[in-house]
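Each chain, written out:
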Amino acid sequence: GTDEREAAFYAIVDSDGRIEPRDDMPEAYRKTLIRQIAQHAHSEIIGMQPEGNWISRAPSLRRKAILLAKVQDEAGHGLYLYAAAETLGVSRDQVLELLHTKRQKYSSIFNYPTLTWADVGAIGWLVDGAAITNQVPLTRCSYGPYARAMVRICKEESFHQRQGFESLLTLTRGSAAQKAMAQDALDRWWYPSLAMFGPPDTGEQVSGGHTEQSMRWGIKRFSNDELRQRFVDMTVPQSEVLGLTIPDPDLRWNDERGHYDFTAPDYDELFRVIKGDGPCNAQRLAHRVAAHTDGAWVREAAAAYAAKQRAKTRT
Ligand code: FAQ
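Quick caveat: nothing in here was measured; it's all calculated off a predicted structure. (Residues numbered from 1 in each chain as written. Predicted model: local features only at pLDDT ≥ 70, side-chain atom pairs only at ≥ 80, totals over all residues. Heavy atoms only, no water.)

*Asks:* Kindly report on the layout of surface pockets, identifying the contributing residues and their values.
*Replies:* Size it by volume and the largest pocket reaches roughly 1,100 Å³. Breaking the lining of the largest pocket down by element, the ones donating at least two residues are α2 (27–46), α4 (61–86), α6 (118–135), α7 (144–172), α10 (224–242) and α11 (267–274). The computed volume of the second largest pocket comes to approximately 350 Å³. If you trace the second largest pocket, you find 14 residues lining it, with I45, L79, R92, R288 and H292 closest to the centre. Within the residue set of the lining of the second largest pocket, elements represented by two or more residues are α4, α5 (92–100), α12 (281–294) and α13 (296–314). The residue makeup of the lining of the second largest pocket, split by class, is eight nonpolar, two polar and four charged. (1 Å grid on protein atoms, 1.4 Å probe; cavity = no way out; pocket = protein on both sides within 12 Å on 5 of 7 lines; lining within 4 Å. Points joined across faces, edges and corners; volume = space filled by probe spheres on them. Helix = DSSP H or I, 4+ residues; strand = E, 2+ residues; numbered from the N terminus. Nonpolar A, V, L, I, M, F, W, Y, C, P; charged D, E, K, R; others polar.)

Listed below in structure tokens is the structure:
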């Protein structure tokens, strides 16, 4: 009966085992995973745009080759994650349709513009840094296909984070104008990066509403604020190596807590951006929909070729 199936599900979750696609799972668990994995996949695909903006203007052949490879990695992560979502019974077409009609989200961070070359380094350092902080615990997520996808994705994102840091280090050791450009990028990307972790934990409600249930299911392992703190603690010493100043006058080490105190991001701004009212939302989505429409012939040709190959092997 239903009770026994639910007990079997919780027995796996409570013993820190993995739920696999053919296992019984509560419908709400399946829906939550589809929401989170699809949002994550969309973020990777839309996340190609801000950096893609600089491929044709990278300052050297070496930087261009690195950036091309990074943006390609993001496409790969997106495809990996769509495949993980498909194991839950939705097709890639279905979730793309939900993205294109604004019924599924993608990360707020990709609605900010990349105004200078230093922004590419700042994205690697801060955005990939935040992504890793959030995603390393997801390698222990209770849903097997998602957890396994995270292992490879985190390895690649660690590499991305280091290339962003190295790119900024080169700028900060360069001319005064280059150092100023790096500082300006940090000034603009700091708070949006903190906001990536989602709404704050409040007294009665733990971060935004989904956290408590997702923790019970072994999807999330830490609350949004716990991960935000971890990110700040990791990033402040790195900013010191770079010789850059984090744009927060109240940032300081708290000996008692054993953590940095810091100013929270503006959550009203986060909610506005999530609702579609960020600086680049309209542009990002229009570009995505156009790319999908323009790519229709490729999908049709691939399907026709596959059909032909199938017919050949039958005869
Ligand atoms: N943006 O109750 P919670 C990358 C929504 S990294 C937009 O806390 P939850 C790599 C949330 O969906 C970025 N929406 O929700 C890369 C929910 O809305 P709903 C992608 C946000 O799910 C680097 C509501 O607020 N990473 O792409 C945001 O438990 C460089 C309430 O929030 C992932 O997706 C936000 N920032 O926790 C690529 C990681 N925050 O559905 C290119 C996987 C919250 O009720 C370049 N996802 N919301 O309408 C997660 O870990 C979680 O889904 C959270 C949100 C932590 C994002």
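*Asks:* Give a detailed account of the packing of aromatic side chains, specifying residues and quantitative values.
*Replies:* Aromatic ring pairs are reported here in terms of the distance separating the ring centres and the angle at which the planes meet. Taken as a whole and assessed by the stated rule, the structure comprises nine aromatic pairs. Plain terms: the ring middles of W54 and W117 are 6.4 Å apart, the flat faces sit at 70 degrees to each other, and that makes the pair edge-to-face. Taken together, the residues span a long stretch of sequence, with W54 in the loop between α3 (48–52) and α4 and W117 in the loop between α5 and α6 at a distance of 63 residues. Each member of the pair W54 and W117 is classed as buried. Ring centres of F197 and F231 lie 5.6 Å apart, and the angle between their planes is 45 degrees; on these two criteria the pair is classed as tilted. A residue pair is termed long-range when its members are at least 10 positions apart, and F197 in the loop between α8 (176–195) and α9 (211–216) and F231 in helix α10 qualify at 34 residues. This pair shows no difference in class: F197 is buried, exactly as F231 is. By way of ring pairs, the aromatic residues F9, Y10, Y29 and W217 are connected into one cluster. (Phe/Tyr/Trp six-rings, centres within 6.5 Å; stacked < 30°, edge-to-face > 60°. Buried < 20%, exposed > 50% of the residue type's maximum accessible area, 1.4 Å probe, protein only.)

*Asks:* Please set out the site of the ligand residue by residue, giving values where relevant.
*Replies:* Taken together, 35 residues lie near the ligand, and K105, S108, H210, K220 and N224 sit nearest. Between N134 and the ligand, the recorded distance is 3.0 Å, taken from a side-chain N or O atom to an oxygen atom. Across the complex, the protein chains shield 91% of the 1,100 Å² of accessible surface that the ligand would expose by itself. Put simply, the ligand lies in the largest pocket. Looking at the shell around the ligand residue by residue, the class counts come to eleven nonpolar, 15 polar and nine charged. (Near = heavy atom within 4 Å. Polar contact = N/O pair within 3.5 Å; in protein donor to acceptor, adjacent residues only side chain to side chain. Areas by Shrake-Rupley, 256 points an atom, 1.4 Å probe, with all protein chains shown as cover. Sits in = over half its atoms within 2 Å of the grid points.)

Taken by themselves, the reported measurements are silent on function.
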